[in-house]
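Next come the chains, spelled out residue by residue.
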Amino acid sequence: MTDIATEAEAEQLPPEVGIRIIYLGPVAPHWEIEGIYGDEAAVDEFRRRTNARLQLLPPHDPQFRRNRERVVRDAERENYELHWDLGMPDEEDE
């Protein structure tokens, strides 16, 4: 039961780090990952993992959607606030 209580407490804590992922355009590198607030070492580690997943993928690539979901899960697991700037309206918002 302590695991359930710990998970509930983790959901209530404010995000420790804020990160913005920006699509730069069709020419690689496609992505810029910048820290908005929080520990710079944590931002750098998240940037390294995210670049490994997205570096050569533009948003229209079918693999992008799967890798984006992995990045989102990674941010949720670490309790990071994540913002995407794809330079276009998000399909889910339409």
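Predicted model only: the values in this text are computed from it and were never measured.

### Some points on the pattern of salt bridges
Here comes step 1: In the structure shown here, the tally under the stated rule is 7 salt bridges.
Here comes step 2: A salt bridge links Arg 47 to Asp 44, with the nearest nitrogen and oxygen atoms 2.6 Å apart. Of this pair, Arg 47 and Asp 44 both sit in helix H2 (residues 40–54), 3 residues apart, roughly one helical turn.
Here comes step 3: The exposure class assigned to Arg 47 is partly exposed, which follows from its relative accessible area of 23%.
Here comes step 4: The partly exposed category is assigned to Asp 44, whose relative accessible area is 36%.
Here comes step 5: A salt bridge links Asp 74 to Arg 49; the shortest N-O distance between them is 2.8 Å.

### Some words on the confidence of the model for the protein
Here comes step 1: Across the protein, pLDDT averages 85, with 82% of residues at or above 70.
Here comes step 2: Here helix H1 (residues 2–12) stands out as the element of the protein with the lowest mean pLDDT, 59, in contrast to strand S1 (residues 17–23), whose mean of 96 is the highest.

### Some details on the sheet that holds S1
Here comes step 1: Pairing is mixed in the open sheet, where 3 strands are placed in the order S2-S1-S3. Each edge of the open sheet is held by one strand with a lone partner, namely strand S2 (31–37) and strand S3 (80–85). Between one strand and the next, the sheet's axes are offset by a mean angle of 20 degrees, whatever the strand orientation.
Here comes step 2: Looking at chain direction, S1 and S3 are connected through 6 bridges and run parallel. Opposite Ile 21, over in S3, you have Trp 84 as the bridge partner.
Here comes step 3: The strands touched by H2 are S1, S2 and S3; relative to S2, the strand with the most contacts, the crossing angle is about 155 degrees.
Here comes step 4: Against the sheet, helix H3 (residues 62–78) contacts S1, S2 and S3, and its axis sits at roughly 150 degrees relative to S3.

### Looking at the pairing of S1
Here comes step 1: Counting buried positions along S1 gives 6 out of 7 residues, so the element sits mostly inside the fold.
Here comes step 2: Relative to S2, S1 is paired through 6 bridges, and the arrangement is antiparallel. Considered in S2, the bridge of Ile 21 is made with Ile 33.

### Here's the deal with the side chain of Thr 50
Here comes step 1: Looking at where Thr 50 falls in the secondary structure, it is placed in helix H2.
Here comes step 2: Those residues in contact with Thr 50, other than ones at most four positions away along the chain, are Ile 21, Ile 33 and Val 71.

What counts, and where the lines are drawn
- The numbers attached to residues start from 1 for each chain and follow its sequence in the written order.
- Local features in this predicted model are restricted to residues whose pLDDT is 70 or higher, and side-chain atom pairs enter the listing and the counts only when it is 80 or higher, whereas totals over whole chains, interfaces and linings include all residues.
- Side-chain numbers here rest on the full set of heavy atoms in the structure, without hydrogens or water.
- Only one rule defines a salt bridge in this text: a Lys or Arg side-chain nitrogen within 4 Å of an Asp or Glu carboxyl oxygen.
- Under the DSSP-based scheme used, a helix requires at least four consecutive residues in state H or I and a strand at least two consecutive residues in state E, with every element numbered from the N terminus.
- The classification of residues rests on relative accessible area computed with a 1.4 Å probe and restricted to protein chains. Under 20% of the type maximum is buried, over 50% is exposed, and intermediate values are partly exposed.
- The pLDDT value expresses, per residue, how confident the predictor is, ranging between 0 and 100.
- In this description, strands pair whenever DSSP reports at least two bridges between them.
- Inter-axis angles, ranging from 0 to 180 degrees, are taken between N-to-C directions of lines fitted to C-alpha atoms, where helices are fitted over the stretch in contact.
- Contacts are residue-level and defined by heavy atoms, with any inter-residue pair within 4.5 Å sufficient.

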